[in-house]
Amino acid sequence: KYYCLLMASNLSEKQNFALGTIAAFIESIILQPTLYWKNARAQNLPFTCNIRVIYRGTGASTFNECQMMAVQFASTSFIQKRIAMITTSSYSVASKNDDVISAALGGLASSIFSCPIELTMIQQQAKGGSLFATVRNLLHQPLNNNTYNNTYHPIHIQSHHINSLNTSTTTR
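Residues numbered from 1 in each chain as written. Predicted model: local features only at pLDDT ≥ 70, side-chain atom pairs only at ≥ 80, totals over all residues. Heavy atoms only, no water.

(A) Molecular detail of the overall build of the chain. Scanning the chain from terminus to terminus reveals 7 helices and 0 strands. Ordering the α and β elements of the chain from the N terminus gives α-α-α-α-α-α-α. Taking the contacts inside the chain whose residues are at least 6 apart along the sequence as the reference set, 65% of them involve residues at least 24 apart. Summed over its atoms, the accessible surface of the chain is roughly 11100 Å², and 67% of this surface lies on carbon and sulfur atoms. (Helix = DSSP H or I, 4+ residues; strand = E, 2+ residues; numbered from the N terminus. Contact = heavy atoms within 4.5 Å. Areas by Shrake-Rupley, 256 points an atom, 1.4 Å probe, with all protein chains shown as cover.)

Encoded structure:
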């Protein structure tokens, strides 16, 4: 029942970090085409099966997945062990509720790093260019510049959503 959980909880945080990195590397290479097609659809880019286009942004995507899953595995393991230690005075296996809390906090820890990398990857897929050039452009490009398509920028989406809520409540 808890075979996988028992295996992961018996590993150190460093071992869980390595396990997450390896699993994410394999996953990111295999799933890159579907990730590209999802992002292309969201950006109204034409569908393509061109390998050079589909695997554009793979470096950022693979780095993002590897660091994200490695941090999730390691932090979840760390939190599980601390919760188990607090609740049972030992490093025994945590309950199902403790597992959910640990996994949620592990996901939160990884989001701090993965959100900026995800933005970089999406921009690189949409516009091409090297990883470093994309980061440089993102850091030096103002949000209100018409040459930068900020339609999908998280700040733009949030402000657009708030403005639409304000408009809809004032017109009623």
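Structure's up, so let's keep going.
(B) Region of interest: the packing of helix α2 (residues 13-42) against helix α4 (residues 58-88). It is the contact of α2 with α4, at a shortest axis distance of 7 Å, that shows an interaxial angle of 145°. In this structure, α2 meets α4 at a crossing whose hand is right-handed. Its residues placed into classes, the contact of α2 with α4 shows 14 nonpolar, 9 polar and 4 charged. (Axes fitted to C-alpha atoms, helices over the stretch in contact; angles between N-to-C directions. Left-handed = near helix turned anticlockwise from the far one by under 90°. Nonpolar A, V, L, I, M, F, W, Y, C, P; charged D, E, K, R; others polar.)

(C) Inspection of the environment of S111 at higher detail. Take S111: it is sitting in helix α5 (residues 96-127). On the accessibility criterion, S111 (25% relative accessible area) is partly exposed. Counting along the chain gives 43 residues from S111 to M68, while the straight-line C-alpha distance between them is 7.3 Å. (Buried < 20%, exposed > 50% of the residue type's maximum accessible area, 1.4 Å probe, protein only.)

(D) Quick look at the packing of α4 against α5. The N-to-C vectors of α4 and α5 enclose an angle of 165°; their axes lie 7 Å apart at closest approach. Taken together, α4 and α5 sit at an angle that is classed as roughly antiparallel. As for how α4 packs across α5, the hand of that crossing is right-handed. Residue composition of the contact of α4 with α5, by class: 13 nonpolar, 14 polar and 3 charged. (Parallel < 35°, antiparallel > 145°, perpendicular 65-115°, else oblique.)

(E) Representation of unusual backbone geometry in the model. One non-glycine residue, N44, lies in the positive phi region at around 55°. As for its placement among the helices and strands, N44 is situated in the loop between α2 and α3 (51-54).

(F) Up close: the side chain of E65. In this structure, E65 sits in helix α4. Buried charge without a partner: E65 forms no salt bridge, and the closest opposite charge is K38, 8.5 Å away. Those residues in contact with E65 that sit more than four places away from it in its chain are A24, E27 and S28. (Lys, Arg positive; Asp, Glu negative; His and termini not counted. Salt bridge = Lys/Arg side-chain N within 4 Å of Asp/Glu carboxyl O.)

(G) Fine view of the confidence of the model for the chain. Mean pLDDT over the chain works out to 77, with 73% of the residues at or above the 70 mark. Put simply, helix α7 (residues 154-170) is where the chain has its lowest mean pLDDT, 46, and α2 is where it has its highest, 92. In the model, residues 154-172 has pLDDT below 50 throughout and makes 6 contacts with residues more than four positions away in sequence or in other chains. (pLDDT = per-residue confidence, 0-100.)

(H) Quick look at a nonpolar patch on the surface. A grouping of I22, F25, I26, I29, I30 and L31 is seen on the molecular surface, where their side chains present a nonpolar patch of about 560 Å² in accessible area. Examined against the element boundaries, I22 turns out to sit in helix α2. (Patch = residues over 30% accessible without salt bridge, like charges linked within 9 Å, V, L, I, M, F, W, Y side chains within 5 Å.)

(I) Geometry of the pattern of salt bridges. Scanning all chains against the criterion turns up 1 salt bridge. K81 serves as the salt-bridge partner of E13, at 3.7 Å between the closest nitrogen and oxygen. On the criterion of sequence distance, the pair formed by E13 in helix α2 and K81 in helix α4 is long-range, its members being 68 residues apart. E13 sits in the partly exposed class, given a relative accessible area of 23%.

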